[in-house]
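As a plain string of letters, each chain reads:
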Amino acid sequence: MRKLVNSTYITLDGVIENPMWTAPYFDEEARGLAGEQTDEADAMLMGRATYDGMSVAWPQQDESDPNTGAAYFNNVKKYVASTTLTDPTWKNTEVLQGDLVEAVTKLKAQEGKNIIQYGFGSVTAQLIKAGLVDEVRFWIHPVLEGATSLTVPLTDFKASFELVDTRVHKSGVIVASYRPKTAA
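Reading the values: the criteria
- Residues numbered from 1 in each chain as written.
- Predicted model: local features only at pLDDT ≥ 70, side-chain atom pairs only at ≥ 80, totals over all residues.
- Heavy atoms only, no water.
- Helix = DSSP H or I, 4+ residues; strand = E, 2+ residues; numbered from the N terminus.
- Rg over C-alpha atoms; globule rule 2.2 N^0.38 Å.
- Buried < 20%, exposed > 50% of the residue type's maximum accessible area, 1.4 Å probe, protein only.
- Contact = heavy atoms within 4.5 Å.
- Polar contact = N/O pair within 3.5 Å; in protein donor to acceptor, adjacent residues only side chain to side chain.
- Pairing = 2+ DSSP bridges.
- Axes fitted to C-alpha atoms, helices over the stretch in contact; angles between N-to-C directions.
- Core = buried A, V, L, I, M, F, W, Y, C linked by side-chain atoms within 4.5 Å.

Asker: Break down the overall build of the chain for me, with residues and values.
Answerer: A tally of regular secondary structure across the chain gives 5 helices and 8 strands. Taken from the N to the C terminus, the helices and strands of the chain come in the order β-α-β-α-α-β-β-α-β-α-β-β-β. Taken over C-alpha atoms, the radius of gyration comes to 16 Å for the chain, in line with the 16 Å a tight globule of 184 residues would show. Overall, the chain is about 45 × 40 × 30 Å in size when its C-alpha atoms are taken along their principal axes. Within the span of the chain, comprising 184 residues, buried residues form 43% of the whole.

In structure tokens form, the structure reads like this:
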């Protein structure tokens, strides 16, 4: 069975939206870990807000430059959880139909590498509640943005996690990887 790995860039004050603030911290060490994640994943899952941001940004990047990651993001198979997106324009994108939990359960049962998910919002919350997220990696950046925390407030969402790995980068970024605890 494939693993679903969530990877989320976040500031000290909980901001994840429009992560332009990551640029000064995306050094060789960060590129290495990001490359490991994409090498281990042959599919990407996202909610509508993440799709809207990424589908505009990535096609503008130079795919011939291996440091951008554009070749991966523009060509990997992408799945979007959305009830309103009907005609995705980003190459290799499919909108998941029907029940999200059922659709992701089927994706995870397919042969293949990991499924990577960027951003943390209502889609991730639903999938954690359903026991479908195998790992969450928070890339904690040493910045305060002073903006709204999280894209979608998760007022009815509670979960516990166990730490599986920690990497501290020279830039000050801490990548904390967690596995959701199963309910007893």
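What follows picks up the thread again.
Asker: Can you lay out the environment of threonine 93 for me, pointing to particular residues and giving the numbers?
Answerer: Along the chain, the position of threonine 93 falls in strand β4 (residues 93-95). C-alpha of threonine 93 to C-alpha of valine 104: the two residues are 11 residues apart in sequence and 15 Å apart in space. Not counting residues up to four positions away in its chain, the partners in contact with threonine 93 are Tyr51, Lys78, Val80 and Pro88. One polar contact links the side chain of threonine 93 to the main-chain carbonyl oxygen of tryptophan 90, over a distance of 2.7 Å.

Asker: Go over the side chain of lysine 108 with me, naming the residues and quoting the values.
Answerer: For lysine 108, the position within the fold is in helix α4 (residues 100-109). Judged by relative accessible area, lysine 108 falls into the buried class, the value being 3%. At 2.7 Å, the side chain of lysine 108 and the side chain of aspartate 134 are in polar contact. Apart from the residues lying within four places of it in its own chain, the contact partners of lysine 108 are Met1, Arg2, Leu4, Ile115, Leu132 and Asp134.

Asker: Please set out the environment of glycine 131 residue by residue, giving values where relevant.
Answerer: Mapped onto the fold, glycine 131 is located in the loop between α5 (122-129) and β6 (135-141). Given a relative accessible area of 54%, glycine 131 falls into the exposed group.

Asker: Account for the pairing of strand β1 (residues 4-11), with residues named and values stated.
Answerer: Of all 8 residues that make up β1, 8 are buried, and the element is covered over most of its length. As defined by bridge partners, β1 adjoins strand β5 (residues 114-118) across 4 bridges and the pair is classed as parallel. By the bridge assignment for β5, serine 7 is matched with tyrosine 118.

Asker: Now, about the sheet that holds β5: what can you tell me, with residues and values included?
Answerer: The strand order across the open sheet built from 8 strands is β4-β3-β2-β5-β1-β6-β8-β7, with neighbouring strands paired in mixed fashion. A strand with exactly one partner marks an edge of an open sheet, and here the two such strands are β4 and β7 (161-168). Across the sheet, the mean angle from the axis of one strand to that of its neighbour is 25°, orientation sign disregarded. As defined by bridge partners, strand β3 (residues 77-81) adjoins β4 across 3 bridges and the pair is classed as parallel. Across the sheet, the residue bridging to lysine 78 is threonine 93, located in β4. Packed on one face of the sheet, helix α1 (residues 28-39) meets β1, β2 (41-47), β5, β6, β7 and β8 (174-180) and runs near 160° to β6. Sheet strands touched by helix α2 (residues 48-57): β2, β3, β4 and β5. Its angle to β2, the strand with the most contacts, is close to 115°.

Asker: So, the nonpolar core: which residues are in play, and what are the values?
Answerer: The biggest cluster of nonpolar side chains holds 23 residues, and the ones touching the most others in it are Leu4, Leu45, Leu96, Leu100, Val104, Phe120 and Leu127. Looking at this core, the elements with two or more residues in it are β1, β2, β3, α4, α5 and β6. Counting residues in hydrophobic clusters, the runner-up holds 17 residues, among them Ala41, Trp58, Val76 and Trp90.

Asker: A description of the pairing of β5 should follow, citing residues and the corresponding values.
Answerer: Counted residue by residue, β5 has 5 buried out of 5 residues, so it is predominantly covered. Burial of β5 is two-sided: the residues Asn114, Ile116 and Tyr118 facing one way and the residues Ile115 and Gln117 facing the other way are all buried. Pairing of β2 with β5 involves 4 bridges; the strand directions are parallel. Bridged to methionine 44 within β5 is isoleucine 116.

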